[in-house]
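# Topology and contacts: notes
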Amino acid sequence: MKLRDKLLIPIGLALLGVLVVNLGAMQIAVSAWEGVAAHRVQAHEQVRLLLEAEVAFKRQVQEWKNILIRGQDEAEFVAYVAAFRVEEQRVQEQLRAFAQRADRPEDRASADQLAARHRDLGVRYREALDLYQTAPDRPMQVADDAVRGVDRPLTDDLATLRRDTESYLTGLAEASASRGHWTAWGMVGASLGMTALIAGMLLTVITQLVVRPAQAASVLSARLLDPAGFDEEPT
């Protein structure tokens, strides 16, 4: 096998290796960013569910206040009670949906506990509503005293779960991005190393196939022009 062929074969294999490494780096980068995007979509959806649960609970509490303030009129009483129950149901639906999507068992357990506490509050609000309808004197004050401040712990705990979930899922996305980043850079480093190897091989080929024959031709030309040069020993 000629020297040229011996050198060109490994160069071709090295070029193929660079191509494979570069394609692998591109695939890793794409997969990493797809993973980041998936984590961000997941985080957005779970945080959205918890935020909607928070908002619905605040609206439920506001509807309770509307009942107390404006419920003396029968038609308005019925409308505000219906609105109260709609928001109450919405809180349960959002917490249930979050529990079905949550990654961590502790988050699912927290959502289930919050939903149970919310149902217990519903019982207390209904008991207070009975007082509002039956108390002989100052019914609004009696009903309000029965549930004053009971919404605050649940409001705080809903917000805490939302913040913890957002922090956890954001961390997952950042970790995925970091792994993909460093892996891709490692592949780029390997590609640069193989490129340097190919450059060395090409230099060897050029030296063997071009530079040395040119040097030999130059020496031969000089000897042809100077016949005395044939008497000299070649160096």
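First, a word on scope: everything that follows refers to the structure included in this document. As the structure is a prediction and not an experimental result, all values here were calculated from the model. Residue positions within a chain follow its written sequence, with the count starting from 1. Totals for whole chains, interfaces and linings use every residue, but because this is a predicted model, local features are given only for residues with pLDDT of at least 70 and side-chain atom pairs only at 80 or more, for both listing and counting. Only hydrogens and water are set aside; all other atoms, that is, all heavy atoms of the structure, feed into the side-chain values.

This part takes up the side chain of Asn-66. Mapping Asn-66 onto the fold places it in helix α1 (residues 3-70). Accessibility expressed as a relative area gives 10% for Asn-66, which makes it buried. Those residues in contact with Asn-66 that lie beyond four places of it in its chain are Gly-71 and Tyr-80. Each helix corresponds to a stretch of at least 4 residues labelled H or I by DSSP, and each strand to a stretch of at least 2 residues labelled E; elements are numbered beginning at the N terminus. Summary of the burial criterion: residues with accessible area below 20% of their type's maximum are buried, those above 50% are exposed, and those between are partly exposed, where the area comes from a 1.4 Å probe applied to protein chains only. Contacts are assigned to residue pairs that have any heavy atoms within 4.5 Å of one another.

Time to look at the environment of Ala-102. Position of Ala-102 relative to the elements: it lies in the loop between α2 (74-101) and α3 (105-134). For Ala-102 and Gln-46, which are 56 residues apart along the polypeptide, the C-alpha to C-alpha distance reads 7.1 Å. Ignoring anything within four residues of it in the chain, the contact list for Ala-102 reads Gln-46, Asp-107 and Arg-108.

This paragraph deals with the packing of aromatic side chains. Stacked, edge-to-face and tilted labels apply to pairs of Phe, Tyr and Trp rings (six-membered ring for Trp) whose centres lie within 6.5 Å, assigned for plane angles under 30 degrees, over 60, and everything in between, in that order. As enumerated under the stated definition, the model contains four aromatic pairs in all. On the numbers, 6.3 Å between centres and 55° between planes, the contact of Trp-64 with Phe-84 is tilted. Taken together, the residues span a long stretch of sequence, with Trp-64 in helix α1 and Phe-84 in helix α2 at a distance of 20 residues. With respect to class, Trp-64 is no different from Phe-84; both count as buried. Grouped by ring-pair contacts, the aromatic residues Trp-64, Phe-84 and Tyr-125 constitute a single cluster. Between Arg-104 and the ring centre of Tyr-168, over which it is positioned, the NZ or CZ distance is 4.0 Å. Whether a charge lies above a ring is judged from NZ of Lys or CZ of Arg, which has to be within 6 Å of the ring centre and within 35 degrees of the ring normal.

A few words on the packing of α2 against α3. Only C-alpha atoms enter the line fits that serve as axes; for helices the fit covers just the stretch in contact. Angles between N-to-C directions range over 0 to 180 degrees. Where α2 contacts α3, the axes come no closer than 8 Å and their chain directions differ by 165°. Between α2 and α3, the angle falls in the class roughly antiparallel. For the element pair α2 and α3, the recorded crossing hand is left-handed. Classes in brief: Ala, Val, Leu, Ile, Met, Phe, Trp, Tyr, Cys and Pro nonpolar; Asp, Glu, Lys and Arg charged; the others, Gly included, polar. For the contact of α2 with α3, the per-class residue count stands at 13 nonpolar, four polar and seven charged. Oblique is the label for every angle not falling under 35 degrees (roughly parallel), over 145 degrees (roughly antiparallel), or within 65 to 115 degrees (roughly perpendicular). We call a crossing left-handed when the near helix sits turned anticlockwise from the far one by less than a right angle, and right-handed when that turn is clockwise.

Tracing the sequence through the fold places Asp-107 in helix α3. Contact partners of Asp-107, with chain neighbours within four places excluded, come to Phe-98, Ala-102, Leu-161 and Thr-165.

Here we come to the pattern of salt bridges. Should a side-chain nitrogen of Lys or Arg be within 4 Å of a carboxyl oxygen of Asp or Glu, the pair is scored as a salt bridge. Going through the model one piece at a time under the given rule, you end up with eleven salt bridges. Residue Arg-90 is joined to Glu-87 by a salt bridge in which the shortest nitrogen-to-oxygen separation is 3.4 Å. Here Arg-90 pairs with Glu-87, and both are found in helix α2, just three residues apart, close to one helical turn. Across the pair Arg-104 and Glu-106 runs a salt bridge, and its minimum N-O distance is 3.9 Å. What you see here is one network of salt bridges that share partners, running through Glu-45, Arg-48, Glu-52 and Arg-101.

This paragraph deals with the environment of Arg-152. By the secondary structure assignment, Arg-152 is in helix α5 (residues 151-225). Taking the C-alpha atoms as reference, Arg-152 lies 9.9 Å from Lys-58; in sequence the two are 94 residues apart.

Residues grouped as a nonpolar core are buried Ala, Val, Leu, Ile, Met, Phe, Trp, Tyr and Cys residues, joined through side-chain atoms within 4.5 Å. Core analysis: the largest hydrophobic core is formed by 33 residues, its most contacted members being Trp-64, Ile-67, Leu-95 and Tyr-125. Mapped by element, the contributors of at least two residues to this core are α1, α2, α3, α4 (139-147) and α5.

Further remarks concern empty space enclosed by the protein. Grid spacing is 1 Å over the protein atoms alone, the probe is 1.4 Å, and a cavity is where that probe fits but cannot get out, while a pocket is an open set with protein on both sides within 12 Å along at least five of seven lines and lining residues have an atom within 4 Å of a point. Grid points are joined across faces, edges and corners, and a volume is the space filled by probe spheres set on the points. The final tally for this structure, using the stated rule, is one cavity of 30 Å³ or more. Taken as a whole, the largest cavity holds about 40 Å³ of empty space. Around the largest cavity, the lining residues are Trp-64, Ile-67, Val-81, Phe-84, Arg-85, Tyr-125, Arg-126 and Leu-129. Elements with a minimum of two residues in the lining of the largest cavity: α1, α2 and α3. For the lining of the largest cavity, a count of residues per class yields six nonpolar, no polar and two charged.

Here the largest pocket defines a volume of roughly 180 Å³. In terms of lining, the largest pocket is formed by Val-61, Trp-64, Lys-65, Tyr-125, Asp-144, Val-147, Arg-148, Gly-149, Asp-151 and Arg-152. Here the residues of the lining of the largest pocket are counted per class, giving four nonpolar, one polar and five charged.

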